[in-house]
Amino acid sequence: MRILQATPDGGEDSPVRAYFLFEIKGLCSVALLRFNSGSRDTFHSHAFNAWTWFLGGSMYEERVYRGQGIKRRNYKFSLKPKFTSRHNLHRVVARCKSWCFTIRGPWSKTWTELTPDRNTLITLTHGRKIVKTEKYRGR
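All of the points below concern the structure found in this document. (Residues numbered from 1 in each chain as written. Predicted model: local features only at pLDDT ≥ 70, side-chain atom pairs only at ≥ 80, totals over all residues. Heavy atoms only, no water.)

With that settled, consider the packing of aromatic side chains. Under the criterion given, the structure shown has six aromatic pairs. With centroids separated by 5.5 Å and ring planes inclined at 50°, the aromatic side chains of Phe48 and Trp107 adopt a geometry described as tilted. Within this pair, whereas Phe48 is found in the loop between β4 (43–44) and β5 (50–56), its partner Trp107 is found in the loop between β10 (98–104) and β11 (110–114), the two being separated by 59 residues in sequence. Centre to centre, the rings of Trp107 and Trp111 are 5.7 Å apart; their planes meet at 90°, and the pair counts as edge-to-face. An aromatic cluster of three or more residues is present, and its members are Phe48, Trp107 and Trp111. Over the aromatic face of Trp107 sits the side chain of Lys25, whose NZ or CZ is 4.1 Å from the ring centroid. (Phe/Tyr/Trp six-rings, centres within 6.5 Å; stacked < 30°, edge-to-face > 60°. Helix = DSSP H or I, 4+ residues; strand = E, 2+ residues; numbered from the N terminus. Lys NZ or Arg CZ within 6 Å of the ring centre and 35° of its normal.)

Structural data, given as structure tokens:
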């Protein structure tokens, strides 16, 4: 559980910092996210569904669609939230320092990461422990 805590978000290579109002993984989380320029190379899903409001800056999402490749969508300030399913395999690239407000649902036990060469799908659990590694067949 976190209350009024700032921490890196998304793994050690992530350019994102989270300012949590609170995080109770079994219930929900509320946070302000600061995306520094750039992105992790790894595509990933999340352990939770999320609603995100873009407050400032400029970024885009690259989403992997099995059998259809990667599609890109641009984001900037909007009062309309973006829903991100926990099954969405993506990466977010910030063009400049960007800010978002997010409400995340309860965490499931696992999420996935796709290696930069897009050949290996890794299933992770809490503490970023690897549960399973498999050949990715989504191209």
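What follows covers the environment of Arg128. Its place among the elements puts Arg128 in the loop between β12 (120–125) and β13 (129–135). According to the relative accessible area criterion, Arg128 is partly exposed, its value standing at 36%. Separated by 117 residues in sequence, Arg128 and Gly11 place their C-alpha atoms 8.0 Å apart. Setting aside chain neighbours within four positions, we find Arg128 in contact with Gly10, Gly11, Arg40, Trp111 and Glu113. (Buried < 20%, exposed > 50% of the residue type's maximum accessible area, 1.4 Å probe, protein only. Contact = heavy atoms within 4.5 Å.)

Turning to the sheet that holds strand β8 (residues 82–84), a few remarks are in order. Spatial strand order, β1-β2-β3-β10-β5-β8: six strands in an open sheet with antiparallel pairing. Whereas interior strands pair on both sides, the edge strands pair on one side only; in this sheet they are β1 (2–9) and β8. Pairs of neighbouring strands in the sheet enclose a mean axial angle of 25°, with direction left out of account. In the sheet, β1 pairs with strand β2 (residues 16–24) via seven bridges, with the strands oriented antiparallel. For Ile3, the partnering residue across the bridge sits in β2 and is Phe22. (Pairing = 2+ DSSP bridges. Axes fitted to C-alpha atoms, helices over the stretch in contact; angles between N-to-C directions.)

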